[in-house]
Amino acid sequence: MHRRPKCFAGAIISSQSLDLLVESEAGERLISCSLPPVPQDDPAALWNGLTASLGDLPLHQVHLALGLDTAKTSQFRRQLIENAPRFCSLEVASDIHMILLGAHGGEPGLVLGLGSKVLAQCFDAERHSHRKGGWGFPFDIGSTGWLGWQALSQTLSLLDGRLSTEFSDAMLHQALLDQCGPSPEKIRDWLLAVQAADYERLGYLVLDHADQNDPAALGLMQKAADEIGQLIRSFDKDQSLPLSLFGSAAERMKPYLPPWLQKWAGPARRTALDGAVLMARQPDLHEICIVPQMSWKVQSTSKLKNSIDALRPDPDATTPLYIQLKNKFAQAIQNGLWSPGHALPSERYLSEALDVSRITIRKTLELLLEEGLIERQQGAGTFVKQRIEQPISVLTGFSDEMKARGIQPETRVLESFIRTATAEEALTLSLKPGQQVAFLKRLRLADGKPVAVEYSVLPRHVLPNPYVMTGSLYAYLKMQKLMPVRALQHLRANIVSSTERDLLQANDDTAVLYITRVGYLADGTPVEFTHSYYRGDSYDFIAELQTDKNVEATPQHRGRAPL
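As the structure is a prediction and not an experimental result, all values here were calculated from the model.

## Regarding the overall build of the protein chain
Next up, step 1: The number of helices and strands found in the protein chain is 19 helices and 21 strands.
Next up, step 2: Sequence-distant contacts in the protein chain: of pairs separated by 6 or more residues, those separated by 24 or more amount to 63%.
Next up, step 3: Total accessible area on the protein chain stands at roughly 29,400 Å², and carbon and sulfur atoms take up 51% of it.

Right, dumping it as structure tokens:
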């Protein structure tokens, strides 16, 4: 059978342009071009321009990775994916992730962006992207907008007589007055109409005057450099990973950065477009972004006191204190006094509040960790672990179940294609030998954490175009009036391959549940055959058992639910 040639395309969408690079499977450059900027509210225009640029290349042979400007809204991203043409595969990530992949060739490393935003992003050995900063004006200290804002604040303070006279001769302040004033009335008018881009332009005035050794400008650059140094050191104090700078102001600002940072920063291997093509070739380089852990739930003082009181051990009991504490902690979590996501107080606080030693507290926490009731997040603290309870008597989809529990579901399609059914699949789905099926391999996440890997097979007439499937499979089936009304499900413990274990971010000793499910229509036609691997430390399957009311409670039946 003739094998179809593959093409790998990378595209970067920014406010200025849409840049496209296409390579053959052998690495030959086929297309390299730039298109006009994409309207924020018109994803269809993007696809029209991009597909036109691909010329005669068949879309079903093109693997595309798309890097989106972080300024693009989540609604734009959602509409973009929903309206995507039928590429062989489609990966979507931030443009920063593509810059990171290009800078270090898909290997672990850091990038530091300097311009209208100041942000750092790290791709670690576990292939997770960690990002800090990038909040925009005025929150990114050291950005061009922040420099302009701080400089103008100094100038206005000087006019009011609130600034030391040592800056009175600085040419920077006169330049800012010329730009925004020069009269107080003109300055007020300027401030009433000012936008972030206006402060960014003032920031480049600061850089111009710093190059001329202006004392006020140099002082601002020193403060910016100190803050930028702290940001990047929060990622890698030992400078163990390679670092590359990017951004509109990176070259201008580099001479003002701390000497150790200037020495650390090296040139990027390749461009963001090269990084996007690399991601098209290696989908496992997708962006799993871990943001700084600043959104955990914090208990009020009164609730914290009640939660602590519920843990107090009985000093007269014969059970060891750490066992008592572990049992009381588990009961408090079950009763909701310590709800999922809540940060636990420090060992020292718990030790003092409960009047026990820190060794006792440490042993208690170790037991809770072993039982999967709490989890430690590096650099953030210890938290009550989120566990998902799934009733097995009700047929629901993953997305609906998560939303019903207030959990944000996410699905990443890892593979999607049409192939011939295996003998087992043909038998299970009542297909003839040789008939084709749609295959989906998906990673399911709950609040950003992987909980399951699913392999789904459906008859081709049920899902003729699997590569457009980006959301809920059951939502799609419901829309097509092919939603299963019942299913047979088998659960058992299983050993998984390193591939599934890596996707689930599971340790070697993490329990994994293996589940097979066959979904049927009302007339008994099978439409879905799914194999799933669920993290046992994150997922609980719940069954309610009852005695058979039609069976008389004889001694051999009493106290047992029918199997």
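## Regarding the packing of helix α4 (residues 144-159) against helix α7 (residues 196-211)
Next up, step 1: Two elements in contact, α4 and α7, have axes whose closest approach is 6 Å; the angle formed by their N-to-C orientations is 80°. Comparing their axes, α7 and α4 come out roughly perpendicular. Every residue of α7 that contacts α4 at Thr144, Gly145, Leu147, Gly148, Trp149, Ala151 and Leu152 is listed here: Tyr199, Glu200, Leu202, Gly203, Tyr204 and Val206.
Next up, step 2: Considered class by class, the residues forming the contact of α4 with α7 number eight nonpolar, four polar and one charged.

## Side note on the confidence of the model for the protein chain
Next up, step 1: Of the residues in the protein chain, 83% have a pLDDT of 70 or more, and the chain-wide mean is 81.
Next up, step 2: With pLDDT under 50 throughout, residues 289-302 is counted as low confidence; its partners more than four residues away or in other chains account for 26 contacts.

## A short note on the packing of aromatic side chains
Next up, step 1: Using the criterion set out here, one finds nine aromatic pairs in the structure.
Next up, step 2: Taking the centre distance of 5.6 Å and the plane angle of 50° together, the rings of Trp47 and Phe87 count as tilted. Of this pair, Trp47 sits in helix α1 (residues 43-53) while Phe87 sits in the loop between α2 (74-82) and β5 (89-94), and the two are 40 residues apart along the sequence. Each member of the pair, Trp47 together with Phe87, is buried.
Next up, step 3: Where Phe137 meets Trp149, the ring centres are 6.0 Å apart and the plane angle is 80°; that geometry is what we call edge-to-face. Within this pair, whereas Phe137 is found in the loop between β8 (129-133) and α4, its partner Trp149 is found in helix α4, the two being separated by 12 residues in sequence.
Next up, step 4: Under the relative-accessibility criterion, Phe137 is labelled partly exposed at 26%.
Next up, step 5: Among the residues examined, Trp149 registers a relative accessible area of 31% and is labelled partly exposed.
Next up, step 6: Taken together, Phe417, Phe439, Tyr455, Tyr514 and Tyr533 form an aromatic cluster joined through their ring pairs.

## Here's the deal with the sheet that holds strand β4 (residues 62-68)
Next up, step 1: What the five strands build is an open sheet, ordered β3-β2-β1-β4-β5; its pairing is mixed. At either end of the open sheet lies a strand with only one pairing partner, and these are β3 (29-35) and β5. Strand-to-strand, the axes of this sheet are offset by a mean angle of 10°, without reference to chain direction.
Next up, step 2: The pairing of strand β1 (residues 7-13) with β4 spans seven bridges and is parallel. In the strand pairing of β4, Ala9 is matched with Leu64.
Next up, step 3: Across the sheet, helix α3 (residues 95-104) is in contact with β1, β4 and β5; its angle to β5 comes to roughly 100°.
Next up, step 4: Each of β1, β2 (18-24), β3, β4 and β5 touches helix α11 (residues 272-281); the most contacted strand, β1, lies at about 135° to it.

## Re the pattern of salt bridges
Next up, step 1: Tallied over the entire structure, the rule returns 15 salt bridges.
Next up, step 2: A salt bridge links Arg281 to Glu23, with the shortest nitrogen-to-oxygen separation between them at 3.3 Å. In this pair, Arg281 sits in helix α11 while Glu23 sits in strand β2, placing the two residues 258 residues apart along the sequence.
Next up, step 3: The exposure class of Arg281 is partly exposed, given its relative accessible area of 29%.
Next up, step 4: The partner of Glu410 in a salt bridge is Arg412, with the nearest N and O atoms 3.1 Å apart.
Next up, step 5: Since its relative accessible area comes to 14%, Arg412 is described here as buried.

Rules behind the numbers
- Residues numbered from 1 in each chain as written.
- Predicted model: local features only at pLDDT ≥ 70, side-chain atom pairs only at ≥ 80, totals over all residues.
- Heavy atoms only, no water.
- Helix = DSSP H or I, 4+ residues; strand = E, 2+ residues; numbered from the N terminus.
- Contact = heavy atoms within 4.5 Å.
- Areas by Shrake-Rupley, 256 points an atom, 1.4 Å probe, with all protein chains shown as cover.
- Axes fitted to C-alpha atoms, helices over the stretch in contact; angles between N-to-C directions.
- Parallel < 35°, antiparallel > 145°, perpendicular 65-115°, else oblique.
- Nonpolar A, V, L, I, M, F, W, Y, C, P; charged D, E, K, R; others polar.
- pLDDT = per-residue confidence, 0-100.
- Phe/Tyr/Trp six-rings, centres within 6.5 Å; stacked < 30°, edge-to-face > 60°.
- Buried < 20%, exposed > 50% of the residue type's maximum accessible area, 1.4 Å probe, protein only.
- Pairing = 2+ DSSP bridges.
- Salt bridge = Lys/Arg side-chain N within 4 Å of Asp/Glu carboxyl O.

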